[in-house]
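Fold and geometry: a report
Spelled out from the first residue to the last, the chains are:
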Amino acid sequence: TIVALLVASGFFLFPRDVTVKRRGADGVMRDTVERRVPLKRGLDLQGGMYLVLEIDDTKQVPANQTEALDLALKTVRTRIDEFGVSEPVVEKEGDDRIAVRLPGLDDPQRAEAVIREQAFLEFKITDETQALERALPRLDALVRERGLARASDLTPAAGGDTKQGRGLEGLLTAADSGARRDSAQADTAVATTGGPFSNLLQQGGGMPGEYFVKTSDVATLTHFLRDTVVRNALPPAKSVHWGTDTTVIAGEWYRPLYVTDSRPIITGEHLTDARPTTDPMEGTLVQFELDNVGGRRFRQETGRHIQDYMAIILDGRVIGRPPVIQSAIGTRGQITMGGKGLEAAQDLALVLRAGALPVPLRIAEVRQIGPSLGQDRVEEGMRAGILGLALVIVIMIAYYRFSGVLSVAGLVFYAITTLAVLAAFGATLTLPGIAGFILSIGMAVDANFLQFERIREELDRGKTVRTAVEEGFKNSFSAIIDTHVTTALTGAVLYQYGTGPVQGFAVTLVAGVVSSMVSSVFVVRTLFLWWLSRSRGTKPLSI
C-alpha cells in the first residue's frame, strides 16, 4: 500500500507539458508549451492576471451605482470561484470599479469572457401572426426616408462576422463550430416587397417567426435595427433576435433572425442549477433546473403553447433553433448547444449558475502582474522552510537515533503525499500555504514523539522489543487521533470563512494533517515491523 501511494504521488507530481498563454513583448497573447511540476502557485509566488472592471454606462446607467456594483461583485466572485481558478482575489477598488487578480491563469481570454458575460436567460414563443411581414412596407419606407447606409458602407457590426467573436458569445456564434443545417431543410422563399429592409430577409419555410439573412448583410440589417425610428416601427409586443447558428442556402452562408413575443414566459432568475452533459443523439447539452415557483410557471406557460416554437435566448441571442413544445415542461429542461464543444457548455452552465450581472460591465484594464511578495521575500520564505525541516530531521535523529531515522523516512512519505494531494486537487501553493505545510511537519513528528516515548516506557517495564513497539503504537493512537482531528477541524473553519492566503494556509494544513496521520500511524509502524521481522527481535532497539 505504501509503494502504491508513492507511485500514485509520483504520477501527480511528475513534470508534464502544459500549454499556457503568455503575453509576448509585442503585447500579443500566444500559446507557450512549458514543462513543469503540476503544482499551482499563488499570486504571492508567481503573479498572474489583473483585470479592472467598471460599469458600462454606454449600455445602462443604474439608479444606484453602489448597490449595482456590490451585486455585480458578488456575481463575478461566484463565477471566478466556479471557473476553477485557485486563490483568486475579487474586491472593490474605489467606489466604481472591481479588481480581479487571478494567479497563474492558463487561458486569460476565456476568463475575460466568463467574467463579463451578462448571462440573461429568457424563454420566448416565436411569432405566429406574421407581424413583421405586415410591417415590412413601413420599415422599407423609413429606411429610404432616413437614408440609412448600405452594407458596403459599413464595417462589420457586432454579430456580423460569423467567424470571429470574443468570449462566450464568440463561442456560441462561431460559424466554424456552429450547427450547419442543409439548405433542403431550410426550405426558404424570398420576400417580395422589394424594399431595402425586406430585400435582406428570406422567410423560413418550416417555422413561424424565422427569417434568414446573408452573413454579408447582417451588419447592414443590424445597422437598420439600431436606428431609433426604425426600431419603434417594429410590430408592437414583438422583439427580434439574431440566432447563434448559421446555415447554408444555395451555397451561401445565412444567419437566422427570429421574431418573438416581447414578454418572456420565464427568465433565468428562477434557475437553480445548470450542468453540461453530452448525449449520443443531441450532442452537447446544458441541463438546467428551476425552483418550485419557476417550475410551476414554466409548466403553466408551456402547457398553453403546446406545438408552438420556444426560443431560448441568452443575452439577446437565440441559442440553436427553437424547439417545438411537445408537452408541458416542469422544473427540468435542457439547452442544445448545436455542435459546440463541451468547454462552451461548461462556460454557459457556469454563468447560468452564477446568475446574470445586474449591470453590464466592461474591462477597463487588463495586464500581467508579478509576484506580490517580491523574489527576495519568496526566497527568504523558502529558506526558512528548508531550515525548519532540517532542524526537525537533525533533532529526531540525534534524540531517537535509529527510531529517528525511521521517523524521517515517514516524513519523506508525508512530504511527497501532501504535495501530491495538493497537485491532484488543483490547490494553489502560497507562502502562507508553505507555512501550513511546515507546521504540519511539526505535527507529524509530534505524533512520533508520543509513540516513541510510549515505546520507551514499555521497554523500561521489561517488555520485549516487539511487544513494546506494538503497545507503544496502540496506547498512543487515541491521543494522535484527537490532536489531528481537532487541527483538521480548525483548518476546515479557516477554509470556510477565510479568503485568499488564509484559505491557502488551511488547504495545505488539512492535507498535511491527513498525510502526517497516515505517515505516523501506518508508515512508521510498518517500518518498525519490517525491521523487527528482519532482526527477528534479537537486536536491541535504538530509541
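See above for the structure.
So, here is what we can say about the structure in this document. This structure is a prediction, so every number in the text was calculated from the model and none was measured. By convention here, each chain's residues receive numbers from 1 onward along its written sequence. Totals for whole chains, interfaces and linings use all residues, but because this is a predicted model, local features are given only for residues with pLDDT of at least 70 and pairs of side-chain atoms are given and counted only at 80 or more. Water and hydrogen atoms play no part in the side-chain values, which are based on all heavy atoms of the structure.

**Points about the sheet that holds strand E19 (residues 317–318)**
- Taking strand neighbours across the sheet as the criterion, the four strands line up as E15-E7-E18-E19 in an open arrangement whose pairing is antiparallel. The sheet is open, and its two borders are formed by strand E15 (266–267) and E19, each paired with just one other strand.
- Whether two strands pair depends on DSSP finding at least two bridges between them. Helix and strand definitions here come from DSSP, where helices need a minimum of 4 consecutive H or I residues and strands a minimum of 2 consecutive E residues; each element is numbered from the N-terminal end. Across two bridges, the pairing between strand E7 (residues 121–125) and E15 is antiparallel. Among the inter-strand pairings, Glu 122 is bridged to a residue of E15, identified as Thr 267.

**Structural notes on the packing of aromatic side chains**
- For this analysis, a ring pair means two rings from Phe, Tyr or Trp (six-membered ring only for Trp) whose centres lie within 6.5 Å, classed as stacked if their planes differ by under 30 degrees, edge-to-face if by over 60, and tilted for the remaining angles. Scanning the model with the defined rule gives 10 aromatic pairs in all.
- Seen from their ring centres, Phe 452 and Phe 528 are 5.8 Å apart, and the 75 degrees between their planes marks the pair as edge-to-face. On the criterion of sequence distance, the pair formed by Phe 452 in helix H14 (residues 431–460) and Phe 528 in helix H16 (residues 501–535) is long-range, its members being 76 residues apart.
- Its relative accessible area of 0% is what places Phe 452 among the buried residues.
- Each member of the aromatic cluster is reached from another via a ring pair, and the members are Tyr 399, Tyr 400, Phe 449, Phe 452, Phe 473 and Phe 528. Partly exposed describes any residue whose relative accessible area lies between the buried limit of under 20% and the exposed limit of over 50%, with all areas from a 1.4 Å probe on protein chains only and scaled to the type maximum.

**Some remarks on a nonpolar patch on the surface**
- Each patch is built from salt-bridge-free residues with over 30% relative accessible area, joining like charges within 9 Å and nonpolar side chains (Val, Leu, Ile, Met, Phe, Trp, Tyr) within 5 Å. The accessible surface values rely on the Shrake-Rupley method and a 1.4 Å probe; as for residues, cover is taken only from the protein chains in view. Salt bridges, as used here, are contacts in which a Lys or Arg side-chain nitrogen is within 4 Å of a carboxyl oxygen on Asp or Glu. Side chains of Leu 5, Val 514, Val 518 and Phe 522 sit close together on the surface and give an oily, nonpolar patch of about 290 Å² of accessible area.
- For the nonpolar patch, the element with the most residues is H16, which contributes three residues.
- The topology assignment puts Leu 5 in helix H1 (residues 2–13).
- On the basis of relative accessibility, which here comes to 35%, the residue Leu 5 falls in the partly exposed class.

**With respect to the sheet that holds strand E16 (residues 271–279)**
- Taken together, three strands build an open sheet; the order of strands is E16-E17-E20 and the sheet is antiparallel. The open sheet has two edge strands with one neighbour each: E16 and strand E20 (332–336). Across this sheet, the average inter-strand angle for adjacent strands is 25 degrees, counted without regard to direction.
- Pairing analysis gives eight bridges linking E16 to strand E17 (residues 283–290), with the strands arranged antiparallel. What sits directly across from Arg 275, in E17, is Gln 287. Here an axis means a line fitted to C-alpha atoms, over the contact stretch when the element is a helix, while the angle between two N-to-C directions is reported on a 0 to 180 degree scale.

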